[in-house]
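The primary structure of each chain is shown beneath.
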Amino acid sequence: MTDVRVIEIKKSVFADNNEDAARLRSELKGRGTYLLNLMSSPGSGKTTTLIQLINRIKDKIKVAVMEADIDSDVDAIKIKDATGIESIQLHTGGMCHLDAEMTRQGLDNVSLDGTDLVILENVGNLVCPAEFDTGAVRNAMILSVPEGHDKPLKYPLMFSVCDLVIVNKIDVMPYFDFDLDKCSEYVHMRNPKARIIPICAKTGEGVDAVADWLLEEVYNWKH
Amino acid sequence: MHELGIVFYIIRDVKQAAQENGVEHVNAVVMNIGEVSTIVPEYLTDCWRWAADKEEMLKGCELKINIIPAVTTCGDCGREYETVKYGKTCPHCNSANTWLLKGNEVEIKEIEV
Ligand SMILES: Nc1nc2c(ncn2[C@@H]2O[C@H](COP(=O)(O)OP(=O)(O)OP(=O)(O)O)[C@@H](O)[C@H]2O)c(=O)[nH]1
Ligand SMILES: [Mg+2]
Ligand SMILES: [Zn+2]
């Protein structure tokens, strides 16, 4: 009976990652670099939005992008071609999310000196990325109109960790029963402080408001 | 996919705990997994078998899973209810102003050596 020895651990699997992330955040603070973690479902418009956004801010601050994908580099090339800024691809090796350690490895490949802002396009998924702090200063997510306004009810964790919710593809609103007021109500149930900005990444409508939010965030981080 | 990533974190933590306690081989790892943690226990044990057997210290080591029932509390009437049965809406007062109390744990409880 006494040959089994039990060692109590009682530790969340996410504890180490949370520590890594906090360390990365304070290093970025020291360097004056702001990291934004952008999440969404596949195809909600992350890359299209980033192109619109970057072209509005790249003359004001130095921006770089890290594209996380399970296995391809089409998004990194698209960003570089459409904006001319530094854009690198991170392969997650089959993993459905990025953690702080993978983010740090990605940042090692970005020329951080003088870079004010790094935007991380996380893996398209509303579940796993929400569980892992990447070390970003803020989390933002894109919800596109065809996905429906009830997503904040179905993926509460994602919406509770995001400070900015971009509602994209408002041009197709007439074809879907998407209710922006309901959406805002559900988002605020999960995070009362979340900012919600409706946009159309295709035409650029509303993207100025996102650019203003981000420029102010970066300014505050550096001062 | 998510489960495999989790398994790598478990392996790292278990190896560290074993080293700190001067243990050479671990026979079992006991996990607390919340009902709504998004972890599928069967996938977790499959991924565990595949990855743990690649580690000398964890060859044949069993992964035991305790499921922690999910409980939600209501911000309006203050009562608690079973999350899986009723979801986001309080069955007592119909409010949607509800918060998960427990049930999203992904925690290493203990190891048997
Ligand atoms: N109608 C409409 N289509 C859009 C809008 N924004 C993006 N799209 C289209 O949606 C599709 C997906 O856009 P992407 O920007 O590639 O989406 P993504 O989130 O980066 O996709 P993944 O990286 O594959 O997850 C493309 O066909 C875009 O042209 C919009 O505002 N309106
Ligand atoms: Mg993309
Ligand atoms: Zn109630």
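Here the focus is the overall build of chain B. When you go through chain B residue by residue, the secondary structure sums to three helices and six strands. Reading the helices (α) and strands (β) of chain B from amino to carboxyl end gives α-β-α-β-β-β-α-β-β. Expected size for 113 residues packed as a compact globule is a radius of gyration near 13 Å; at 17 Å, chain B overshoots this value by more than 25%. By principal-axis analysis of the C-alpha atoms, chain B measures approximately 55 × 25 × 15 Å. The burial tally for chain B puts 45% of its 113 residues in the buried class. Carbon together with sulfur atoms contributes 50% to the accessible area of chain B, which is approximately 5700 Å² in total. Of the charged side chains in chain B, 11 are positive and 18 negative, and the gap between their average positions amounts to 2 Å.

Attention now moves to helix α8 (residues 180-190) of chain A. Of all the positions in α8(A), only C183(A), S184(A), Y186(A), V187(A), M189(A) and R190(A) are classed as buried. N-cap assignment for α8(A): the residue whose side-chain oxygen lies 3.0 Å from the backbone N of D181(A) is D179(A).

This paragraph deals with the state of the cysteines. All names here are of chain A. This model, assessed by the stated rule, comprises zero disulfides over all chains. With no disulfide of its own, C162 lies 12 Å from the sulfur of C183, the closest cysteine sulfur. The class for C162 is buried, based on a relative accessible area of 0%.

Time to look at helix α1 (residues 15-31) of chain A. With 17 residues, α1(A) extends 25 Å from end C-alpha to end C-alpha; this agrees with the ideal 24 Å at 1.5 Å per step. All of the buried residues along α1(A) are D16(A), N17(A), D20(A), A21(A), L24(A) and L28(A). Considered in projection along α1(A), the buried side chains sweep an arc of 130° and stay on one side of the axis. Of the surrounding secondary structure, the elements contacted by the buried residues of α1(A) are β1 (6-12), β2 (34-40), α4 (100-108) and α9 (207-222) of chain A together with α1 (2-20) of chain B.

Residues and elements named next belong to chain B. Looking at the zinc ion (ligand 3), one finds its protein donor set to be C74 (SG), C77 (SG), C90 (SG) and C93 (SG), positioned 2.3 to 2.4 Å from the metal centre. Considering all four donor atoms around the zinc ion (ligand 3), the spread of angles at the metal, 106 to 114°, places the coordination shape in the tetrahedral class. The motif formed by the donor residues of the zinc ion (ligand 3), counted along the single chain, is C-x2-C-x12-C-x2-C.

All names here are of chain A. Protein coordination at the magnesium ion (ligand 2): the donors are T47 (OG1), D75 (OD) and E121 (OE), at 2.1 to 2.4 Å from the metal. Going along the chain, you hit the donors of the magnesium ion (ligand 2) in the pattern T-x27-D-x45-E. Highlighted residues: T47 in helix α2 (residues 46-57) and D75 in helix α3 (residues 74-83), separated in sequence by 28 residues. In terms of burial, T47 and D75 fall into one category: buried.

In this structure, the largest pocket encloses a volume near 590 Å³. Forming the walls of the largest pocket are 22 residues, and the residues nearest its centre are P156(A), L157(A), V36(B), L100(B) and N104(B). Listing elements by their share of the lining of the largest pocket, those giving two or more residues are α7 (156-161) of chain A together with β5 (98-102) of chain B. Of all the elements, α7(A) adds the most residues to the lining of the largest pocket, at four residues. When grouped by side-chain class, the residues that make up the lining of the largest pocket number 10 nonpolar, eight polar and four charged.

Helices that pack against each other are described as a pair by the angle of their axes relative to one another and the distance between those axes. Residue and element names in this part refer to chain B. In the contact formed by α1 and helix α2 (residues 41-52), the axes pass within 9 Å of each other and the chain directions differ by 55°. Comparing their axes, α2 and α1 come out oblique. α2 is crossed by α1, and the crossing has right-handed handedness. Side by side, α1 and α2 meet where E3, L4, I6, V7, F8, I10 and I11 of the first sit next to Y43, L44, C47, W48, W50, A51 and A52 of the second. A breakdown of the residues in the contact of α1 with α2 according to their chemical character gives 13 nonpolar, no polar and one charged.

All names here are of chain A. Close to ligand 1 lie 16 residues, the nearest being K46, T47, T48, D75 and D171. One nitrogen or oxygen atom from the side chain of D171 is found 2.8 Å from a nitrogen atom belonging to ligand 1. In the complex, 70% of the free accessible area of ligand 1, which totals 650 Å², lies under the protein chains. Sorting elements by how many residues they give to the shell around ligand 1 places α2 first, with three residues.

What follows is about the pairing of strand β3 (residues 71-74) of chain B. Residue and element names in this part refer to chain B. Here β3 shows two buried faces, one formed by V71 and T73 and the other by T72 and C74. The loop that links β3 with its antiparallel partner strand β4 (residues 80-82) comprises five residues; one of these, G78, has a positive phi angle of about 80°. Note that β3 and β5 share four bridges and pair antiparallel. Residue pairing for β5: T73 is matched across the bridge by W99.

Conventions we followed
- Residues numbered from 1 in each chain as written.
- Chains lettered and ligands numbered in written order.
- Predicted model: local features only at pLDDT ≥ 70, side-chain atom pairs only at ≥ 80, totals over all residues.
- Heavy atoms only, no water.
- Helix = DSSP H or I, 4+ residues; strand = E, 2+ residues; numbered from the N terminus.
- Rg over C-alpha atoms; globule rule 2.2 N^0.38 Å.
- Buried < 20%, exposed > 50% of the residue type's maximum accessible area, 1.4 Å probe, protein only.
- Areas by Shrake-Rupley, 256 points an atom, 1.4 Å probe, with all protein chains shown as cover.
- Lys, Arg positive; Asp, Glu negative; His and termini not counted.
- Charge placed at Lys NZ, Arg CZ, Asp CG, Glu CD.
- Polar contact = N/O pair within 3.5 Å; in protein donor to acceptor, adjacent residues only side chain to side chain.
- Disulfide = S-S within 2.5 Å.
- Expected span 1.5 Å × (residues − 1).
- Arc of directions from axis to C-beta.
- Contact = heavy atoms within 4.5 Å.
- Donors = N, O, S within 2.8 Å, 3.2 Å for Na, K, Ca; no water.
- Tetrahedral: all angles 85-135°; square planar, octahedral: opposite > 155°, others 65-115°.
- 1 Å grid on protein atoms, 1.4 Å probe; cavity = no way out; pocket = protein on both sides within 12 Å on 5 of 7 lines; lining within 4 Å.
- Points joined across faces, edges and corners; volume = space filled by probe spheres on them.
- Nonpolar A, V, L, I, M, F, W, Y, C, P; charged D, E, K, R; others polar.
- Axes fitted to C-alpha atoms, helices over the stretch in contact; angles between N-to-C directions.
- Parallel < 35°, antiparallel > 145°, perpendicular 65-115°, else oblique.
- Left-handed = near helix turned anticlockwise from the far one by under 90°.
- Near = heavy atom within 4 Å.
- Pairing = 2+ DSSP bridges.

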